Amino acid sequence: MNAQEALLRDKLSDYYTDIFEANLIDEIVRVGFLDKFKPGEILVDIGENMTHIPLLLNGSIKIIRQEKEGDELVLYFLEKGDTCAISFINCINRKESIFRAVVDSDTEAIFLPVEHIDDWLAKYKSWRYFIIDSYHFRLIEMVESIDGLAFMNMNQRLMKYLGDKAKVQNKQDLEITHQEIADDLNTSRVVVTRLLKQLHNDGKVYSTRNRVRVNEI
DNA sequence: ACATTAAGTGATT
DNA sequence: AATCACTTAATGT
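Residues numbered from 1 in each chain as written. Chains lettered and ligands numbered in written order. Predicted model: local features only at pLDDT ≥ 70, side-chain atom pairs only at ≥ 80, totals over all residues. Heavy atoms only, no water.

(A) Structural view of the side chain of E79. In this fold, E79 is placed in strand β4 (residues 72-79). In this structure E79 comes out as buried when scored by relative accessible area, which is 15%. Here the side chain of E79 touches K167 through a polar contact of 2.9 Å, side chain to side chain. Apart from residues no more than four positions distant in its own chain, E79 is found in contact with L56, G59, K167 and V168. (Helix = DSSP H or I, 4+ residues; strand = E, 2+ residues; numbered from the N terminus. Buried < 20%, exposed > 50% of the residue type's maximum accessible area, 1.4 Å probe, protein only. Polar contact = N/O pair within 3.5 Å; in protein donor to acceptor, adjacent residues only side chain to side chain. Contact = heavy atoms within 4.5 Å.)

(B) Structural detail: the protein's contact with DNA strand B. Around DNA strand B sit T177, H178, R189, V190, T193, R194, K197, R209 and N210, and those are all the residues in its vicinity. By atom count, sugar and phosphate contribute 44% of the portion of DNA strand B lying within 4 Å of the protein. Contacts to DNA strand B include H178, whose backbone N or O atom sits 2.9 Å from a phosphate oxygen. At a separation of 2.5 Å, a base nitrogen of DNA strand B approaches a polar side-chain atom of R194. In terms of residue count, helix α8 (residues 189-201) provides more of the surface near DNA strand B than any other element does, five residues in total. Here the residues of the surface near DNA strand B are counted per class, giving one nonpolar, four polar and four charged. (Near = heavy atom within 4 Å. Nonpolar A, V, L, I, M, F, W, Y, C, P; charged D, E, K, R; others polar.)

Keep in mind that these numbers describe shape and distance, not what the molecule does.
Structure below.
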């Protein structure tokens, strides 16, 4: 086993060794490669073809839907231990992505080339479960996202957004501007400012320039 | 000191 | 909840 493979094996141990069978880990270590990203980097854009799927090791990624230049909305976040099964199907079918994936916080991931992941589906039960599970989870998050739009007011949506973000980044202190929040929720900055002020007065958040501290999740 | 960017606010729809 | 128009505050050069 070479150094590169040993490194991947070690990286996988936190979240994946328990769920994947040993043979599968061997294969992942052989064909996968490690990559790192900084906040703001676009992993996949709408309309692009995918050639690899990621296994997130740490950090977070936000999945965004955008309609014809302009209006956009964050659907959900991916975090360590996640993959994006949607990207998986995109790989298999050679279909174009319907989402954009943007790095939210410093992220490390192992990328797997598309040609293997199809085989593994038939070959490894743990891989099958992992993909199906991921799909299920993404669906639930999508429904939550719809619920948010349909049934929640902006105040609740803001709170959920901040809570989710704090959760995936694993910290209460978020470095973010009102404008960025407004973009992610597809509302205006003025509205975010006013709602944050309310939440601040209620003691639920503590907000200063470029920074929001989430006190309650 | 000045320019730029972020945040706060009243009024209107 | 959105938009406008304007103010104030924080930060960079």
